Amino acid sequence: MQVQDKVGWGLAFPLGLAYMVFFAAPLLLLGSISFYEDNELTRLGPANWIKFLGDPFYVGVVWRTIMLGVLTVLAATVLAYPVALVFYEAAPWVRRLLLFIVVLPLLTSVVVRTFAWIVLLAREGVVNQALLAIGLSPVPLLQTQHGLVLALMQIEMPLMLLPLLAVMQGIDRNLVEASRSLGASRWRTFLKVLLPLSVPGWVAGATLVFASATTAFISQSVIGGGRLVYLPSVIWQQAMVISNWPFAAVASIMLLASVLTGIVALNAIGRVIHPAGR
Amino acid sequence: MKSHRLDRRQLMAAAAALGGSSLLGRPAYAKGPLTAAIYPGSWDEQYRSIVLPALKKAHDVDLALEPLFAVDQIAKAVAARGIAPFDSFVLDPGPRVTAIERGLLEPFDGKKLTNASKLAATGVDGWGAAVNSQIVGIAYNPKKLPKPKSWKDLFQEPYASRLGLTGFQTTFGTVSLIEMAKAFGGSEANIEPIFAEIKKILPKVAAVTAPAALPGMFQQGQIDITYTNTNNVSTLKSRGVDIEFVMPEEGAITFVTTLHVAKGGENKDNAYKYIDTAISAAVQEALMKSPAGLLPTNKDVALAGDQPIKSLDDLSKLVSHDWTKINPQRAAWIERFNKEVTK
Amino acid sequence: MGRRNTWTDISYFAVIGLLTLIAFLVLVGPVIVVIVTSFTTSAALKFPPPGFSTRWYVDLFDPVKSRHIHIAAYNSLWVAGMATAAASLLAVPAAMAIARVRTKAARAVEAMFLAPLILPTLAYGLATLMFFTLLGYRPSLWLLMIGHLIVISPFVFRTTVASFTQLDPVLLESSASLGAGRFYTFRRVTLPLIAPGVAAGAFLAFVASLDNVPVSLFLSNARTDMLPIRMWGMIESTLDVRVAAISAVLITSVVILTLLMERLVGLTRRLGG
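As the structure is a computational prediction, the values presented were derived from the model and not from experiment.

## Observations regarding the interface of chain C and chain B
And step 1. If you look at the interface, chain C gives 29 residues, while chain B gives 37 residues.
And step 2. Those elements that place two or more of their residues in the side of chain C that touches chain B are helix H3 (67–98), helix H8 (182–211), helix H10 (227–237) and helix H11 (242–265) of chain C.
And step 3. When residues of the side of chain C that touches chain B are assigned to their parent elements, the largest contribution, 6 residues, is made by H3 of chain C.
And step 4. Across the side of chain C that touches chain B, the residue classes tally to 16 nonpolar, 10 polar and 3 charged.

Laid out in structure tokens, this is it:
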């Protein structure tokens, strides 16, 4: 790649300035507000941090939020890889169609898709009617973690598929042919060739899914209900219902930290499976 | 890269048209706007369809309604630090005391209301005007469950596994839970019994939700019994939902809901016009009829429709609460409930 | 090459085929369910609907009954339009400055410009609320526009950077060596080549703004109501069937716009990686 020296930093300045004023400054403010002890922001001190980190309930909420992200990533992976494999083998026009089917939900409002899952998961909803029809008994889905993971998986799966498909597209077909001609089964070819080579795409996708699922306030509150508490609802409750800004700021920073931890962990996994990948 | 080239001018023109036309297209406000907080759900719907057009017609004021429960209104006003997020509050007795203490309300001048004399003597005071009475009790689905009698029934089968629970964020939730605590031997000062009962049935209850979500849950068949006010029941009934209101044998609960002018609001005069419209006989009459079923405070309005009481005088026989005792404990109750129900 | 349909291969096809089928059912099913439900006769969200009617669409387009929904939709469009225009004006030059510089500083700045894509924007939404409140601003569409601008700029930035990296530098050099000025080269050579990338990014940014919840959740109020927040309120409190009708309208618009963008700028090709 040729290094360009003709265009200077001046062109990046306007966006940089906007980010400094409207992105970095508010986040720094969030950080400093977390170190106030009262809502009127008069007394500095770590009281709200101590309250958060010292309360097993809130530490549990952080843990559950991370687990929700992990489960959603796992569920999305189980369904995204088969789609990616079909995509890999498919003719160009099928690929275009597949891409379109993947992109469409992504461009459909998250609120709309959350709403759709209420219709599907309700006690007398589509899924339970289907279970009844095949002779099984209905299961509670709304207000359960598995129902929430199912809905989030649909909402977030396109985020995993797009980078995954992009990487798949670039994998050299000869490698697969070589593996097959050496007598490897399709499973073995997938595990030894396609999976490692596609890991960078998976890492990129899993990062987006993890970040998005842990932050999805509306899906969590509408599908999850009152008994499943995650960090976003703590942030919302503390900021907008109880009006305790410093504590809401602490919860927000914990959410930021959880997401960053998840991203670092996912990248570490990526490097273990595919050391050459970024 | 394919050569589908977009002309720069076309792009700019499109962007400018998008931005520009939207600017020009901003709806013009006639005699000025008014933003009023309103309870989510049936209050929001009914105020939108009845009070909003009435206010526009009578005073040419454009009303925007922001759906927030009383506790949330106070939180939002406190968080806004002096810049009132809306011009008018709608509050129940408890949050009303809090709002006065926190200095969120403008002192109220009843003389500015043409309809003030139509309210009962206590209807207008130095802080606001009474707009509707609420009655809180048990709501159940008669097609799925036998008629419940007591608050205690909610904690037994067949009711417990169809129960929708909600916490202390709302007035109706708070007073219902207090009455249940009393039924199990507690009091306003001691609500431990209700936490103990909730703990027992928690694994099997149908749902624990935000208060605003209860009507939707009922409509979808997710829950078949809950505690709520009569106006939520009428609204659901009007949509063809199988729901009936029951006054528990321990006594249904009542409280008065009041409208207030926010301190630091931009449109104080319009707020008075709004309150005056809301307590006018015509609007109160309309709000009382199905689907809203809101109990009037205007004496000129004769009680009619599907109401659990015969006359407004009966309200005095129902249970009411001492909010000076409840308020100091409520924040802790909210947090405790939310923690205890979490899986 | 010989095909060996061993048992393991059959199991491979069965498992992959079944999971792909489930994946598509899960991806597309909810969208279809919403559209079908929007034509119900009932006031409850039962599926399948008991009868066919367009009453919820009539309600949705009723200028009196659904005025608040129209205002929210209008506010959302205004914010999305303005934020996308501003994001494009700021992000395209920034992408130009950064795209081909390989220094560490440039990578760091690029990471910052892309950060809103993976950082939890809910935390950012709360931060903006605190920031603007402490500065003493009333909530307004302009503040929402600024919040959205930050969150959606990465979309334009990313696709534009991708376009720049594919740009053949020889083209620019030859234009310069023929005596063309920098601005002339930009206008006549660079811009036409990167325009599809910018347009694809702007489209994604526009959709992301229309769909934004985390920032609007904290910055909007009754006067600056945004469509997703209004819909959330309707879903949470009343499960109003009009939400299904709004959803169907949104889905249809997105399908049409996506097909259009696919034609014009090859949208799906630009989304990966």
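Moving on, there is more to tell.
## Observations regarding the confidence of the model for chain B
And step 1. Of all residues in chain B, 91% have pLDDT values of 70 or greater, and the mean over the chain is 87.
And step 2. Under a pLDDT of 50 for its full length, residues 1–30 of chain B has, in the predicted model, 28 contacts with residues more than four places off or in other chains.

## Comments concerning the confidence of the model for chain C
And step 1. Within chain C, residue pLDDT values average 88, and 97% of them lie at 70 or more.
And step 2. ipTM for the predicted complex: 0.90, alongside a pTM of 0.88.

## As for H10 of chain C
The periodicity of an α-helix, 3.6 residues per turn, causes residues three or four positions apart to be oriented the same way.
And step 1. For H10 of chain C, the buried fraction is high: 11 of the 11 residues fall into the buried class.
And step 2. Within the sequence span of H10 of chain C, burial applies to Leu-227, Pro-228, Ile-229, Arg-230, Met-231, Trp-232, Gly-233, Met-234, Ile-235, Glu-236 and Ser-237 of chain C.

## Remarks on the interface of chain A and chain C
And step 1. With 79 residues of chain A at the interface, the matching set in chain C holds 73 residues.
And step 2. Considering every element that reaches the side of chain A that touches chain C, the biggest residue donor is helix H1 (residues 13–33) of chain A, with 13 residues.
And step 3. The residue makeup of the side of chain A that touches chain C, split by class, is 62 nonpolar, 14 polar and 3 charged.

## Looking at the pairing of strand E1 (residues 33–38) of chain B
Residues and elements named next belong to chain B.
And step 1. Judged by how many residues are buried, E1 sits mostly within the fold: 5 of 6 residues are covered.
And step 2. Alignment of E1 against strand E2 (residues 62–67), held across 6 bridges, turns out to be parallel. The partner of Ala-37 across the bridge, within E2, is Glu-66.
And step 3. A crossover connection joins E1 to the parallel E2 through helix H2 (residues 42–59); in handedness this β-α-β unit is right-handed.

## Some words on the pairing of strand E9 (residues 253–261) of chain B
All names here are of chain B.
And step 1. Of all the 9 residues making up E9, 9 are buried; the element is thus mostly covered by neighbouring parts of the structure.
And step 2. Here E9 shows no split at all, with Ile-253, Phe-255, Thr-257, Leu-259 and Val-261 on one side and Thr-254, Val-256, Thr-258 and His-260 on the other all buried.
And step 3. Here 4 bridges tie strand E3 (residues 88–91) to E9, and the two strands are oriented antiparallel to one another. Bridged to Leu-91 within E9 is Thr-258.

## Some details on the packing of helix H7 (residues 169–177) of chain C against H8 of chain C
Residues and elements named next belong to chain C.
And step 1. The interhelical angle for the contact between H7 and H8, taken along N-to-C directions, is 145°, at an axis separation of 10 Å. The handedness of the crossing between H7 and H8 is right-handed. Counted together, Leu-171, Leu-172, Ser-175 and Ala-176 of H7 and Thr-185, Val-189 and Thr-190 of H8 form the full contact between these two elements.
And step 2. Considered class by class, the residues forming the contact of H7 with H8 number 4 nonpolar, 3 polar and no charged.

Calculation criteria
- Residues numbered from 1 in each chain as written.
- Chains lettered and ligands numbered in written order.
- Predicted model: local features only at pLDDT ≥ 70, side-chain atom pairs only at ≥ 80, totals over all residues.
- Contact = placed C-beta atoms within 7 Å.
- Helix = DSSP H or I, 4+ residues; strand = E, 2+ residues; numbered from the N terminus.
- Nonpolar A, V, L, I, M, F, W, Y, C, P; charged D, E, K, R; others polar.
- pLDDT = per-residue confidence, 0-100.
- Buried ≥ 20, exposed ≤ 12 C-beta atoms within 10 Å, placed from the backbone.
- Pairing = 2+ DSSP bridges.
- Right-handed = clockwise from strand over helix to strand, strands pointing away.
- Axes fitted to C-alpha atoms, helices over the stretch in contact; angles between N-to-C directions.
- Left-handed = near helix turned anticlockwise from the far one by under 90°.

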